[in-house]
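The chain contents come next:
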Amino acid sequence: MNVVSRFLRFVQGDSQADRVVPPTGYSARLTVFTAGAMAFLAVFAMALSLAADRLADRWSDALARTSTIRISAPLAELEAQTWAVLTVLEQTSGVDSARALTDDEQRALLEPWFGPDLPVADLPIPRLVEVVETAEGYDAEGLRQRLAAEAPGAVLDDHTRWRRPLVEAANGLRLLGWVAIALILASTAAMITLAAGSALAANQGVIKVLRLVGARDNYIARAFVRRFTLRALSGAAAGTVAGMIAVALLPRAGDEQAFLTGLGFSGLHWLWPLTVPVLAAVTAFWATRIAAFRTLGGLR
Amino acid sequence: MIELEDAAYGYGTEPLLSEIGLRLAPGSFHFLTGPSGAGKTTFLRLCYADLLPTGGSVRLFEQEAKAMSRDDIAKARQRIGVVHQDCQFLDHLPVAENIALPLTVSGRKTGQEAANLEELIGWVGLRARADALPPELSGGERQRAALARAVIMDPDVILADEPTGNVDWEMSLRLLTLLVELNKMGKTVLIATHDLALIRAAKAQVSARVLRIGGGRIHLAGADL
Ligand SMILES: Nc1ncnc2c1ncn2[C@@H]1O[C@H](COP(=O)(O)OP(=O)(O)OP(=O)(O)O)[C@@H](O)[C@H]1O
Ligand SMILES: [Mg+2]
């Protein structure tokens, strides 16, 4: 409450105090524009990070929990080998459950490639066994050796081979997104420091007069800080809205695993971009304040 | 109020002023004369801590200037009205707001002060120019505005650097009368000026000490002034 009312008082400001520093149209517009552009980029970086986060979560979850055993054998032996595999799995510690996919399920998996009328039972296609691990997991190498002995046609496909690099890539992408946001914030701070520095330099005469009539540093700094904070806030708010609209307009597909079509915010994650203008304002506040006090300290 | 003890100042390595000892007692009235370039403006700047002495000590309201924080200095300046030689204003604000600036920056702009402001602007003859911007003023108008700004805060000390340099004799006397009035109300006044006629006119109204800067020192001027 206290913080909110202080913030409101800061925004309303002292209109009289604000007038003591002459308006600077050009640098003001530049600050607003840059803050807006930075916010737009930050929203994208955030969407990237959050999408990568979701993806990594899903993949590593699937990675940790399930694997598949593929049994390729002549039709005559297929049934026996499937039983052998299931028996081995039953005796393997770390396996929560295992079951052979039914013909219908296999047909559903193959349908996109071969159409709906595939006679699965008559074709020499491999049978699939889905394995769900316990939290501890099983010893993949040991299981492979036992399967080789009991059911020579069985191949353990524990997904690790192809999913681990994907999870690592998703994790890397997520990190990259946050690094990009940090860099965007840092360059916003640098840009505002420069803009505030040049505004302070351009107003040396004004500052001198204000000091002469007894203005405290805090009073002088506030006039600048308030301006740059409000400029960054309004620019970043506009940039954030534009960024959110752009993200919302990206085409989405139902396939949650696909990265390109999964880029965006989901559910409560839509609240995340709203932090961008706040961060921009806080950054501008401190950047200007530090620049102002450094400049004022150098004057008499 | 303001005390200098063995104070010295030099812009470069050469000292410009040295062995300056002076006490501006409350309610005193001083004139400061001396040839151009002798250091009158420099002396005044020492008095409001715009410059810090390179030697000796300067005290403002019992505080050692060198030890004052920037906020202390700001607070002291709210008690010192300064009329700058090259009157500095905020060129984007009208004259009336410039005159009220000390009130604005100290957060003291109230209804009563606004009434005082009106009266003061009338006093220095700027009522018709109150909404003009400072660059549109004549030299004399600027000086009158600077004087008005220096006294708006009802300061304890008034330091005026050539306050009558650009105004006619009649206006000079009016400004002098204003300063004498303020002195009679108990304010400490110091005026740096070349204008000996002004000093003589003042001596008829108030008991003023006349100081002369020369050769880097301050002396009490002779009785001929
Ligand atoms: N900022 C400065 N840097 C270097 N030298 C300066 C500076 N200000 C003034 N001086 C020099 O110091 C000397 C005293 O200057 P000051 O302005 O105090 O003289 P003054 O007595 O006020 O003269 P005037 O009557 O012309 O106003 C002059 O020689 C001037 O050139
Ligand atoms: Mg001078």
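Residue positions within a chain follow its written sequence, with the count starting from 1. Just so you know, chain letters begin at A and ligand numbers begin at 1, following the order they were written in. Local features in this predicted model are restricted to residues whose pLDDT is 70 or higher, and side-chain atom pairs enter the listing and the counts only when it is 80 or higher, whereas totals over whole chains, interfaces and linings include all residues. Working from all heavy atoms in the structure, the side-chain values ignore hydrogens and water.

1. Brief notes about the overall build of chain B
Okay, step 1: Looking only at helices and strands, chain B features eight helices and 10 strands.
Okay, step 2: Judged by the C-alpha coordinates and their principal axes, chain B covers about 45 × 40 × 30 Å.
Okay, step 3: Residue exposure (1.4 Å probe, protein chains only): buried if accessible area is under 20% of the type maximum, exposed if over 50%, otherwise partly exposed. Counting only residues that meet the buried cut, chain B has 57% of its 225 residues in that class.
Okay, step 4: By sequence separation, contacts in chain B at least 24 residues apart represent 69% of the contacts at least 6 residues apart.
Okay, step 5: The Shrake-Rupley method, run with a 1.4 Å probe, gives the accessible areas here. Residue values count only the displayed protein chains as cover. Per element, the accessible surface of chain B, about 9300 Å² overall, is 49% carbon and sulfur.
Okay, step 6: His is not counted here, nor are the chain ends, while Lys and Arg score as positive and Asp and Glu score as negative. By convention, charge coordinates are those of NZ in Lys, CZ in Arg, CG in Asp, or CD in Glu. Mean positive and mean negative side-chain charge positions of chain B (24 and 28 charges, respectively) differ by 2 Å. Only DSSP runs of H or I with at least four residues qualify as helices, and only runs of E with at least two residues qualify as strands; both kinds are numbered from the N terminus onward. Any two residues whose heavy atoms approach within 4.5 Å are treated as being in contact.

2. What to know about the packing of aromatic side chains
All names here are of chain A.
Okay, step 1: Centres within 6.5 Å are what make two rings of Phe, Tyr or Trp a pair, Trp counting through its six-membered ring; a difference in plane orientation under 30 degrees is then read as stacked, over 60 as edge-to-face, and the rest as tilted. As enumerated under the stated definition, the model contains five aromatic pairs over all chains in all.
Okay, step 2: Between Trp178 and Trp272 the ring centres are 5.8 Å apart and the planes differ by 55°, which places this aromatic pair in the tilted class. Remark: Trp272 occurs in the loop between α9 (217-249) and α10 (275-298) and Trp178 occurs in helix α7 (residues 160-202); sequence separation between them is 94 residues.
Okay, step 3: Assessed through its relative accessible area of 33%, Trp178 is described here as partly exposed.
Okay, step 4: Centroid distance Phe285 to Trp286: 5.3 Å. Interplanar angle 80°. Geometry classified as edge-to-face.
Okay, step 5: In this arrangement the basic side chain of Arg231 is found over the ring face of Phe228, its NZ or CZ atom lying 4.8 Å from the centre. Charge over a ring is defined by NZ of Lys or CZ of Arg lying within 6 Å of the ring centre and within 35 degrees of the ring normal.

3. Side note on the sheet that holds strand β2 (residues 95-100) of chain A
Backbone-to-backbone hydrogen bonds pair the strands of a sheet. The strands run either parallel or antiparallel.
Residues and elements named next belong to chain A.
Okay, step 1: Here, strands pair whenever DSSP counts at least two bridges between them. Taken in spatial order, the four strands line up as β2-β3-β1-β4 in an open sheet, and their pairing is antiparallel. Taken across any chain shown, the strands that pair with only one partner, and hence form the sheet edges, are β2 and β4 (154-157). On average, each strand axis in the sheet is tilted by 20° relative to the strand beside it, whichever way the strands run.
Okay, step 2: Alignment of strand β1 (residues 66-71) against strand β3 (residues 127-133), held across six bridges, turns out to be antiparallel. Of the residues in β3, the one forming a bridge with Ile69 is Val129.
Okay, step 3: Each axis is a line fitted through C-alpha atoms, and for a helix only the stretch in contact is used; angles between axes span 0 to 180 degrees, taken between their N-to-C directions. On top of the sheet, helix α4 (residues 75-90) reaches β1, β2, β3 and β4; it is set at about 5° to β3, its chief contact.

4. As for the nonpolar core
All names here are of chain B.
Okay, step 1: Side-chain atoms within 4.5 Å link the members of a nonpolar core, which is a set of buried Ala, Val, Leu, Ile, Met, Phe, Trp, Tyr and Cys residues. Residues Phe29, Phe31, Ile99, Leu176 and Ile191 are the most contacted members of the largest nonpolar core, which totals 46 residues.
Okay, step 2: Put simply, the parts of the chain that give this core at least two residues each are β3 (29-33), α3 (95-99), α5 (111-123), α6 (139-151), β7 (157-161), α7 (169-184), β8 (188-192) and α8 (196-205).
Okay, step 3: It is α7 that contributes the most residues to this core, seven residues altogether.
Okay, step 4: Ignoring anything within four residues of it in the chain, the contact list for Leu176 reads Phe29, Phe31, Ile191, Leu198, Ala201, Ala202 and Gln205.
Okay, step 5: Among the nonpolar cores identified, the runner-up in size contains 34 residues, and Phe43, Leu46, Leu60 and Phe61 belong to it.

5. Topic: unusual backbone geometry
Residue and element names in this part refer to chain B.
Okay, step 1: One non-glycine residue, Glu19, lies in positive phi territory at about 50°.
Okay, step 2: As for its position among the elements, Glu19 is in strand β2 (residues 17-24).
Okay, step 3: Looking at Glu19, the relative accessible area reads 52%, which means it is exposed.
Okay, step 4: The backbone of Glu162 shows a phi angle near 50°, a positive value even though the residue is not glycine.
Okay, step 5: Positionally, Glu162 belongs in the loop between β7 and α7.

6. Regarding the UniProt feature "transmembrane region" (unreviewed entry) in chain A
Residues and elements named next belong to chain A.
Okay, step 1: The UniProt record marks residues 30-52, 175-202, 228-250 and 270-292 with the feature "transmembrane region" (unreviewed entry), using the residue numbering of this structure.
Okay, step 2: Here residues 30-52 runs as 100% helix and 0% strand, with 33 Å between its end C-alpha atoms.
Okay, step 3: Here residues 228-250 is 96% helix and 0% strand, with 33 Å between the C-alpha atoms at its ends. UniProt positions are given in the numbering used here, feature names are shortened, and annotations may be inferred rather than shown by experiment.

7. A short note on the sheet that holds β2(B)
All names here are of chain B.
Okay, step 1: Taken together, the four strands give an open sheet; going across it, the order is β2-β1-β4-β5, and neighbouring strands pair in antiparallel fashion. Every other strand in the sheet has two partners, leaving β2 and β5 (63-64) as the edge strands with one partner each.
Okay, step 2: Strand direction decides the pairing type here: strand β1 (residues 2-9) and β2, joined by five bridges, are antiparallel. Paired with Leu4 across the two strands is Leu22, which belongs to β2.
Okay, step 3: Contacting β1, β2 and β4 (55-60), helix α1 (residues 40-47) runs over the sheet at an angle of about 125° to β1.

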